[in-house]
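Remarks on the overall topology
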Amino acid sequence: MKYTTRQKAILLLSDGTIFHGKSIGIEGTTFGELCFNTGMTGYQEIFTDPSYFGQIMIATNAHIGNYGVHKEDVESDSIKISGLICKNFSFNYSRESAFGSLEAYFQMQNLICISDVDTRALTAYIRDNGAMNAVISTDGKSVEELKSELAKVPDMKGLELASKVSTKEPYFYGSANATYKISALDLGIKENILRNLAKRDCYIKVFPYDATYKDLAEFNPDGYFLSNGPGDPEPLSGAIQVAKEILDNNKPLFGICLGHQIIGLANGISTFKMFGGHRGINHPVKNLLTGKGEITSQNHGFAVNREEVEKHPDLEITHIHINDGTVAGMRMKSKNCFSVQYHPEASPGPHDSSYLFDEFVQRLQ
């Protein structure tokens, strides 16, 4: 009965394109950059990933919500996406260990969702026309009113968002009796990164995005970590300076996603906003050091400039994205530093990239 009586909803893109659908029952209007994720599973991990802050997510999988939500399937303390667009929203779920429905989860955090959208057509449109801002409205606002409000939403290029998702105060993760100590700069860190480090005998102190190198160094760590996160890396001048000082002191440094881009910027490598970005759980990457392929989870809309990395005398490309040749990993020749653009902590089936955490721990020894 609930399904048949749901209210109409609208999706308006910044270029004026309109898609129609139905509200799942949460009224309101939400804005963000439109992007899509091709993962067949893992929707709760996606929704709680801080790297998606400020973005409206298109779920290309046809069914969302069918296995409910689980307390262990989170990457942060709350939903981070701005809104959700899907084809079929499941109000019922079948997973015995779930603690509730996705509908109740969205209601608890007031996330606006539009379903019954032709997500295949919408995804194809984004692939052809590139990422752009959009608005979802389920409360009956007029198209003209929505256009006026959408025009005021800033573009993702140049937007600093790490401050919106970073911890406000330092905290510890793992066992204080662990063999290794790591200072981690939280630009939007995923909990599974911390889990992977902790289970490799590391004790981590997590610092806010605006912490200084002195702050991180006072923990007397064996190594440093720069996390993933949302937004444009270029405005993060403080994090870039932290990376430079870590490199000057030649301590082990590992960066993932946004952290990878920060390491590039610290070496004078520019970054650019991608046409559509990489978001999914089956992106193919080639390890140039071993010649092996990796099935990876990715979530990024910015990348480092490959031509500049290739010309840099102290940088070496270690991984490339097979689909488009973008830099998926790099390391420094004279420093104890390496980074990847993808997410080795996300294991959506394949564990192809978990060795990167082992490599980091080996560098701490």
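For clarity, every value in this text was computed on a predicted model and none was experimentally measured. Position numbers for residues start from 1 in each chain and track the written sequence from start to end. Predicted model: local features are reported for residues with pLDDT of at least 70 only, side-chain atom pairs are reported and counted for 80 or more only, and whole-chain, interface and lining totals are derived from all residues. To obtain the side-chain values, all non-hydrogen atoms of the structure were used and water was disregarded.

1. Notes on the nonpolar core
Inside soluble globular proteins, nonpolar side chains tend to come together where they are buried. Put simply, buried Ala, Val, Leu, Ile, Met, Phe, Trp, Tyr and Cys residues joined by side-chain atoms within 4.5 Å make one nonpolar core. Relative accessible area decides the class of each residue, using a 1.4 Å probe on protein chains only: under 20% of the type maximum gives buried, over 50% gives exposed, and in between gives partly exposed. Ranked by size, the top nonpolar core spans 41 residues in total, and within it Phe47, Leu84, Ile85 and Phe106 carry the most contacts. Secondary structure elements follow DSSP: runs of H or I of four or more residues count as helices, runs of E of two or more count as strands, with numbering from the N terminus. Per-element accounting of this core gives the leading share, four residues, to strand E4 (residues 55-59). For this analysis, residues touch if any pair of their heavy atoms sits within 4.5 Å. Excluding residues that lie within four positions of it along the chain, Ile85 makes contacts with Leu11, Leu34, Ile56, Met57, Ile58, Ala59, Ile114, Val117, Thr119, Leu122 and Ile136. Counting 35 residues, the second largest nonpolar core, distinct from the first, contains Leu216, Ile246, Ala266 and Cys337.

2. Digging into the packing of aromatic side chains
When the centres of two rings from Phe, Tyr and Trp lie within 6.5 Å, Trp using its six-membered ring, the rings pair. Their planes under 30 degrees apart give stacked, over 60 give edge-to-face, and anything left gives tilted. All chains considered together, the criterion is met by 15 aromatic pairs. Relative to Tyr203, the ring of Phe172 lies with its centre 5.3 Å away and its plane at 10°, an arrangement referred to as stacked. With Phe172 in strand E10 (residues 171-173) and Tyr203 in strand E12 (residues 202-207), the pair connects residues that are 31 residues apart, well separated along the chain. Here Tyr203 falls in the buried class, since its relative accessible area comes to 14%. Seen in terms of ring centroids, Phe225 and Phe254 are 5.7 Å apart; in terms of plane orientation they differ by 65°. Their pairing is edge-to-face. Of this pair, Phe225 sits in strand E13 (residues 223-226) while Phe254 sits in strand E14 (residues 253-256), and the two are 29 residues apart along the sequence.

3. Section: helix H3 (residues 119-129)
Looking at H3, one finds that the buried residues are Thr119, Leu122, Thr123 and Ile126. Down the axis of H3, the sector holding all buried residues measures 95°, keeping them to one side. Structural note: H3 exposes Arg120, Arg127 and Asp128 on the side pointing more than 90 degrees away from its buried face. Contacts made by the buried residues of H3 are with strand E1 (8-13), strand E2 (18-23), strand E3 (29-37), E4, strand E6 (83-85) and strand E15 (271-287). Once H3 finishes, Gly130 follows within two positions and takes phi at roughly 90°, a positive value. This arc is built from the directions going out from the helix axis to the C-beta atoms.

4. What to know about the pattern of salt bridges
Throughout this description, the term salt bridge denotes a Lys or Arg side-chain nitrogen within 4 Å of a carboxyl oxygen of Asp or Glu. This structure, assessed with the given rule, holds 14 salt bridges. Residue Arg195 is joined to Glu191 by a salt bridge in which the shortest nitrogen-to-oxygen separation is 3.9 Å. Remark: Glu191 and Arg195 occur in helix H6 (residues 191-198); sequence separation between them is four residues, near one turn of the helix. Linked by salt bridges that have partners in common, Asp49, Lys190 and Glu345 make up one network.

5. Remarks on the sheet that holds strand E11 (residues 180-185)
Strand pairing is assigned whenever DSSP identifies at least 2 bridges connecting the two strands. Sheet architecture is open: ten strands sit in the order E10-E12-E11-E13-E14-E19-E18-E17-E15-E16, paired in mixed fashion. In this open sheet, the two strands that pair with only one neighbour each are E10 and strand E16 (293-304). Across the sheet, the mean angle from the axis of one strand to that of its neighbour is 25°, orientation sign disregarded. Across three bridges, the pairing between strand E18 (residues 327-332) and strand E19 (residues 337-340) is antiparallel. Bridge pairing in E19 links Arg331 to Phe338. Against the sheet, H6 contacts E10, E11, E12, E13 and E14, and its axis sits at roughly 150° relative to E12. Helix axes use the C-alpha atoms of the stretch in contact, all axes being lines fitted to C-alpha atoms, and the angles between their N-to-C directions lie in the range 0 to 180 degrees.

6. A word on the environment of Glu294
Note on placement: Glu294 falls in strand E16. Here Glu294 falls in the buried class, since its relative accessible area comes to 4%. In the structure, Glu294 is positioned 217 residues away from Asp77 in sequence and 30 Å away in space, judged by C-alpha atoms. For Glu294, the contacting residues outside a window of four places in its chain are His283, Pro284, Val285, Asn287, His319, Tyr342, Asp352, Ser353 and Tyr355. One polar contact links Glu294 to Tyr355, side chain to side chain, over a distance of 2.4 Å. Polar contact is defined as a pair of N or O atoms within 3.5 Å, subject to the rule that within protein one atom must be able to donate a hydrogen and the other to accept it, and that residues adjacent in sequence are counted only when both atoms are side-chain atoms.

7. Quick word on the side chain of Arg6
Topologically, Arg6 is positioned in the segment before E1. Engagement of the side chain of Arg6 in a polar contact is seen with the backbone oxygen of Ser23, the distance being 3.3 Å. Ignoring any residue separated from it by four or fewer positions in sequence, one finds Arg6 in contact with Lys22, Ser23, Ile24, Phe91, Ser115 and Asp116.

8. Some details on the state of the cysteines
We call a pair of cysteine sulfur atoms a disulfide whenever their separation is within 2.5 Å. A complete count under the given rule lists zero disulfides for this structure. Cys202 forms no disulfide, and the closest cysteine sulfur to it belongs to Cys337, at a distance of 17 Å. Cys257 provides the cysteine sulfur closest to Cys337, a residue in no disulfide bond, and the two sulfurs are 15 Å apart. Note on Cys337: relative accessible area 1%, which makes it buried.

9. Quick notes on the pairing of E2
On a regular strand, each side chain points to the face opposite its neighbour's, so the side chains alternate between the two faces of the sheet. Taken together, the five bridges between E1 and E2 define a ladder with antiparallel strand orientation. Bridge assignment links Leu12 to a residue of E2, and that residue is Ile18. The turn joining E1 and E2, which pair antiparallel and follow one another in sequence, is formed by four residues; a positive phi near 95° is taken by Gly16. Where E2 and strand E8 (residues 113-115) come together, two bridges link them in antiparallel fashion. Paired with Lys22 across the strands is Ser115, a residue of E8.

10. A closer look at unusual backbone geometry
A positive phi is found at Asp116, a non-glycine position, where the angle reads about 60°. By the secondary structure assignment, Asp116 is in the loop between E8 and H3. With a phi close to 50°, Asn250 is a non-glycine residue in the positive phi region.

Everything listed is a geometric property; what it means functionally is a separate question.
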